[in-house]
Amino acid sequence: MLTEKYMDFSKLVIYQIYPRSFMDSNNDGIGDLQGIRLKLDYLQELGINAIWLCPCYKSPNVDNGYDIADYRDIMDEFGTLEDMKLLIKEAHEHGIKVIMDLVPNHTSTQHKWFLESKKGKDNEYSDFYYWADEPLTDWEACFGGSSWEYCPERGQYYLHSYAIEQADLNWDNPRVREEMCAVVDFWVDLGVDGFRIDVIDQISKEFPTRNCFGPHLHEYINQMFGREKTAHLFTVGECWASDMDEVRRHCAAERNELTTLFQFEHSDLGRDTKYERRPQSLTAARDILIKWQNIADDNDLLYSLFTDNHDSSPFLSRMGNDRELRYESATCIAAMFYTLRGIPFIYQGQEFGTALPNYDSLEDFDDIEGINKFHEDLPIFGHEKAMERINFGSRDGFRRPMCWSGEAYGGFSTVKPWITTHSRYEEVNLEADRASEKSVFRFFQALLKLRLNTPAILYGTLNVVSKTEDPFFVFEREYEGEKYTVICNFEEESKIAVPENTTVVLQNYLDRAETFRPYEILVVKHN
């Protein structure tokens, strides 16, 4: 049985915003906080009730804001701290909570703490980072190369799990933990309602075997979020915990750590590696969802319902048909995920069926990880194949400017944006979608309204009706005598029995046929 606090969190529908690419209000080619404020009416109309903002902090932008130089100030391109305060205030007036992206594992090497730390071994910040006379491990950085970098000024190596300019904080130092708690409190005092925590599993290391899931991980998380001041917050961790005991330690209600985790098992579907496509049926996603729904239910946990984020290529393009059946695929995937129990996360542009873009030149890319991968692939695969791989796997795929219309630059700005506009912006944009008879946006509106007004979908039990060998997903949601059946057909036509004595409450095809067509969904209420 979910706790009252977790039942309240079940009512959240969270919309992820990548500020740099959402809306440019001052026409400098970069999205900003004022741009988000201008779109609060739109977000309210969509039907979400919380926004998660990717990092807005002061940053040199080596890794698009995940290299933070000041946790208490705003990136110059995005606006000012006063702009942020106004955004929080106006979001709340629209009934929208604000969730910040917290990056506790590392800072920019331009952060005051690192600038002081590298000066020597005898100042107050000297132990804020991991320093060693020689590399202590053979760990590879996520963006390539050794995770240890020599600093001539200090005469030692420092640890960086990501870019060279992102130095890992030493959480074993009590002062680091105190400082990060103070950062959390700073934003809570400004009215923030929660945090998405970047690579939370890495704040405790286990030298020399791995740079995550160290012996003090849960102690450190509890120190941040188990306090009276932070107990009310919604928190979701980016964490690669697949062991059930580890998942429970992170987010069981009595643990006073996190509300939920992102579970990434389904995120690798449709690809062999991040940069190599692999055709797969949505039955694979169905089976993973069933597994984790049962685990969450058995352990009274909240499951994070998401398909996309700022680090991945569009799920629609990997697991659906993003051309002839883009509308049908996008709405089928949404219905399959967002009628289950948990907390929905929608990534900007997903609500009108944004698909994977395609480019011929490396100049159209900005992602440091993808560009490094391209140069690694070039001598192995040649230019054409290396471009195909970066187009498929680069994090830029879903970081490009939001396509509000078919106007120049997708209506995002009146000047050339910081990164090349989506290659399909004239075809796939919000304005065109809303004018279409088959509108992904209108389907999302109807789906979210149904979800938020239906206790059986928010809290109900899950009974899977379809079988593993079926090329579709049929399940029932039931709560306090109210029952719904959800039918999601996948790639091929299927004969599926619709329960008798029911009323249709949601569908994505405009009519009904004798068989269920590709990606057709139907939600019915039992009378």
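Scroll up to find the structure this text is about.
## Some details on the packing of helix H6 (residues 174-189) against helix H7 (residues 217-225)
- Interhelical geometry of H6 versus H7 gives an angle of 40° and a closest axis separation of 9 Å. With respect to H7, the element H6 is oriented oblique. Classified by chirality, the crossing of H7 by H6 is right-handed. Together, Arg177, Glu178, Cys181 and Val184 of H6 and Tyr220, Gln223, Met224 and Phe225 of H7 make up the contact between the two elements.

## Concerning the pattern of salt bridges
- Here the structure, examined in full by the defined rule, presents 47 salt bridges.
- Among the salt bridges present, the one from Asp198 reaches Arg196, with a minimum N-O distance of 3.0 Å. For the pair shown, Asp198 and Arg196 are each scored as buried.
- A salt bridge links Arg278 to Asp272; its shortest N-O distance comes to 2.9 Å.
- With a relative accessible area of 33%, Arg278 lands in the partly exposed category.
- A residue is classified by how much of its surface remains accessible, and Asp272, at 54% relative accessible area, is exposed.
- Bridged by salt links that share partners, the residues Asp63, Lys274, Asp311, Asp367, Glu369, Arg395 and Arg399 form one connected network.

## Some remarks on the side chain of Asp185
- With respect to the element layout, Asp185 can be found in helix H6.
- Relative accessible area serves as the criterion here: at 16%, Asp185 is assigned to the buried category.
- There is a polar contact of 2.9 Å between the side chain of Asp185 and the side chain of Arg227.
- Discounting residues that sit within four places of it in the chain, Asp185 has contacts with Arg227, Lys229 and Thr230.

## Considerations on empty space enclosed by the protein
- Taken as a whole and judged by the stated rule, the model has four cavities of 30 Å³ or more.
- By volume, the largest cavity amounts to about 120 Å³.
- Along its surface, the largest cavity is lined by 15 residues, and Val247, Gln263, Trp292, Leu302 and Tyr303 are the ones closest to its centre.
- Of all the secondary structure elements, the ones that give two or more residues to the lining of the largest cavity are helix H8 (244-251), strand E13 (260-262) and helix H9 (282-298).
- Taken together, the residues of the lining of the largest cavity break down into twelve nonpolar, three polar and no charged.

## Things to note about the packing of helix H12 (residues 368-381) against helix H13 (residues 383-393)
- Packing of H12 against H13 leaves a shortest axis separation of 8 Å and a crossing angle of 150°. As far as their axial angle goes, H13 and H12 are roughly antiparallel. In this structure, the crossing between H12 and H13 has a hand that is right-handed. Every residue of H13 that contacts H12 at Gly370, Ile371, Lys373, Phe374, Asp377, Leu378 and Phe381 is listed here: His383, Lys385, Ala386, Met387, Arg389 and Ile390.
- Residue classes in the contact of H12 with H13 are distributed as seven nonpolar, two polar and four charged.

Calculation rules
- Residues numbered from 1 in each chain as written.
- Predicted model: local features only at pLDDT ≥ 70, side-chain atom pairs only at ≥ 80, totals over all residues.
- Heavy atoms only, no water.
- Axes fitted to C-alpha atoms, helices over the stretch in contact; angles between N-to-C directions.
- Helix = DSSP H or I, 4+ residues; strand = E, 2+ residues; numbered from the N terminus.
- Parallel < 35°, antiparallel > 145°, perpendicular 65-115°, else oblique.
- Left-handed = near helix turned anticlockwise from the far one by under 90°.
- Contact = heavy atoms within 4.5 Å.
- Salt bridge = Lys/Arg side-chain N within 4 Å of Asp/Glu carboxyl O.
- Buried < 20%, exposed > 50% of the residue type's maximum accessible area, 1.4 Å probe, protein only.
- Polar contact = N/O pair within 3.5 Å; in protein donor to acceptor, adjacent residues only side chain to side chain.
- 1 Å grid on protein atoms, 1.4 Å probe; cavity = no way out; pocket = protein on both sides within 12 Å on 5 of 7 lines; lining within 4 Å.
- Points joined across faces, edges and corners; volume = space filled by probe spheres on them.
- Nonpolar A, V, L, I, M, F, W, Y, C, P; charged D, E, K, R; others polar.

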